[in-house]
Amino acid sequence: MAERNKRMKSIILSLKESGENNRLVKVISAENGIFNAMLYGGPKSRLKSLVQPFYSGILYIYSDESRNSIKITDFDAQNCHLSFRTSLLKSWAASFACELVLKTKCAGETEKAFVLLCAFLDGIDSVDENEARLGILRFVWRYLGLLGLQPETRTCCGCGSSLLSHEHNASYIERQNGFVCADCISFAPENRAQGNFRIDLDSLTYLTAINELPPGQVRKLLVPSESVYNMKRLLYSMIEKACGIQLETLKSGIGIL
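Note that the structure is predicted; figures quoted are calculated from it, not measured.

Our focus in this paragraph is the pattern of salt bridges. Overall, the coordinates contain four salt bridges when judged by the stated rule. Two residues, D74 and R46, come together in a salt bridge whose shortest N-O distance is 3.0 Å. Of this pair, D74 sits in strand β5 (residues 69-79) while R46 sits in helix α1 (residues 46-50), placing them 28 residues apart in sequence. Under the relative-accessibility criterion, D74 is labelled partly exposed at 28%. Assessed through its relative accessible area of 52%, R46 is described here as exposed. For R154, the salt bridge is made with E212, and the minimal N-O distance between the two is 2.9 Å. Note that R154 is positioned in the loop between α4 (129-146) and β6 (170-173) and E212 in helix α7 (residues 201-212), a separation of 58 residues in sequence.

Have a look at this one:
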């Protein structure tokens, strides 16, 4: 018989009222992926104050296989991300990241998605809003990598020339899921029609650095505001197309994110 009592490092993704005093909790853990668990108790329950969206820590559960149910028995909340309560940007960014993980079912990479989400929530909690905006872009870019949809940034997918040595803007071509240089855009009419997103050298350099440099070094890089805007437009479009649906957090919070 499988062990009924378990403990695991978890992140609380969302809560939903269930009955008069109970809540249905959506959880992600590296071991179990995304699952639902019931939280029982009245409004003064100690556990209800601990089990909150975006909190992470050690979750204790009891599984009843005969009833196909999971009950939360305790939660050691280790990271409460208190800055989310005072920053609309951060709380919306956390909701966006959790929605993305839910809609893509962890991109088929449960453990990696859990680690990435955990690092993202902890990261934006520890910085100001300007730095958090870049943190969102890094998270989306890395998540595209988990989905296997991260395009090559160093070379043109048309002619193979180096994009990082070009002075002119490159363009993202959706049907090729790649970046092409200005020359390829100029000489191929079909590329001009598909080149909806121009991307500057600073943006390409930053996206390349996310993949190749340690996270601590990437966080120290300065990025012009125009490049941040260019990357945001591109990455939000790419991640929604990867999901195949419009994400509610992007639809409702685009002016915030």
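Here the narrative resumes.
What follows covers the pairing of strand β4 (residues 56-64). With seven of nine residues buried, β4 lies mostly within the body of the structure. Two elements, strand β1 (residues 5-18) and β4, share seven bridges in a ladder whose sense is antiparallel. Bridge pairing in β4 links S10 to G57. In this sheet, β5 lies alongside β4 in antiparallel orientation, the contact comprising nine bridges. Paired with S63 across the two strands is I70, which belongs to β5.

The strand order β7-β6-β8 describes an open sheet built from three strands, whose pairing is antiparallel. Sheet topology places β7 (178-180) and β8 (197-199) at the edges, where each strand pairs with a single neighbour. Ignoring strand direction, the axes of neighbouring strands in this sheet form an average angle of 40 degrees. In this structure, β6 lies alongside β8, joined through three bridges in antiparallel fashion. Residue Y172 lies in a different strand from β8, and its bridge partner there is F197. Where α7 meets the sheet, it contacts β6, β7 and β8, and its direction lies at approximately 80 degrees from that of β8.

Here N36 shows up in strand β3 (residues 33-39). Using a relative accessible area of 35% as the deciding quantity, one classes N36 as partly exposed. Of the polar contacts made by the side chain of N36, one reaches the side chain of K26; its length is 2.9 Å.

Rules used throughout
Residues numbered from 1 in each chain as written. Predicted model: local features only at pLDDT ≥ 70, side-chain atom pairs only at ≥ 80, totals over all residues. Heavy atoms only, no water. Salt bridge = Lys/Arg side-chain N within 4 Å of Asp/Glu carboxyl O. Helix = DSSP H or I, 4+ residues; strand = E, 2+ residues; numbered from the N terminus. Buried < 20%, exposed > 50% of the residue type's maximum accessible area, 1.4 Å probe, protein only. Pairing = 2+ DSSP bridges. Axes fitted to C-alpha atoms, helices over the stretch in contact; angles between N-to-C directions. Contact = heavy atoms within 4.5 Å. Polar contact = N/O pair within 3.5 Å; in protein donor to acceptor, adjacent residues only side chain to side chain.

Nothing here speaks to function; it is all geometry.
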